[in-house]
Amino acid sequence: MPRSNRPRGHKPGADGGDDTDLSSLLSGWRRTEVRRDGQWHVQPVPAAQALKNYVCPGCGLQVVPGVAHIVAWRGDGVLGDGADIAARRHWHSHCWKIK
Ligand SMILES: [Zn+2]
């Protein structure tokens, strides 16, 4: 069973729960970081593309619209890149740095 029946053009399993432009996540600039808890893909979100509130997993506070921040998702998950991107989290840049 597909997890989402929304008629979108994304690859199966690659559809996320928010409106961050997934195709830009997949095709745009990103870097890979190795942290204490494994490998992560990290992509900066510029202020102009920060349009929603997110809860930062680092501090539990909101990442508010209009603030440049970081999107991160696991790079070593067993479920594949699509599932990991779907589980991506938005972090304050500072909170990611000190994670
Ligand atoms: Zn934070």
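This text follows the structure it describes.
Remember, predicted model here, so these are calculated numbers, not experimental data. (Residues numbered from 1 in each chain as written. Predicted model: local features only at pLDDT ≥ 70, side-chain atom pairs only at ≥ 80, totals over all residues.)

1. Brief notes about the pairing of strand S2 (residues 38-45)
Both strand S1 (residues 31-35) and S2 contribute to a ladder of five bridges, which runs antiparallel. Directly across from Thr32, in S2, lies its bridge partner His41. Counting the residues in the hairpin turn of S1 and S2 gives two residues. In the sheet, S2 pairs with strand S5 (residues 69-74) via six bridges, with the strands oriented antiparallel. Within S5, the residue paired with Pro44 across the bridge is Ile70. (Pairing = 2+ DSSP bridges. Helix = DSSP H or I, 4+ residues; strand = E, 2+ residues; numbered from the N terminus.)

2. A few points about the environment of Asp84
Mapped onto the fold, Asp84 is located in helix H2 (residues 81-86). Each C-alpha atom of the pair Asp84 and Trp40 lies 9.6 Å from the other, and the pair is 44 residues apart in sequence. When residues no more than four places from it in sequence are discounted, the contact partners of Asp84 are Trp73, Arg74, Gly77 and Leu79. (Contact = placed C-beta atoms within 7 Å.)

3. Considering the environment of Ala86
Positionally, Ala86 belongs in helix H2. You can call Ala86 buried: it has 20 C-beta atoms within 10 Å. Taking the C-alpha atoms as reference, Ala86 lies 8.3 Å from Trp73; in sequence the two are 13 residues apart. (Buried ≥ 20, exposed ≤ 12 C-beta atoms within 10 Å, placed from the backbone.)

Function cannot be inferred from these measures alone, as they are strictly geometric.
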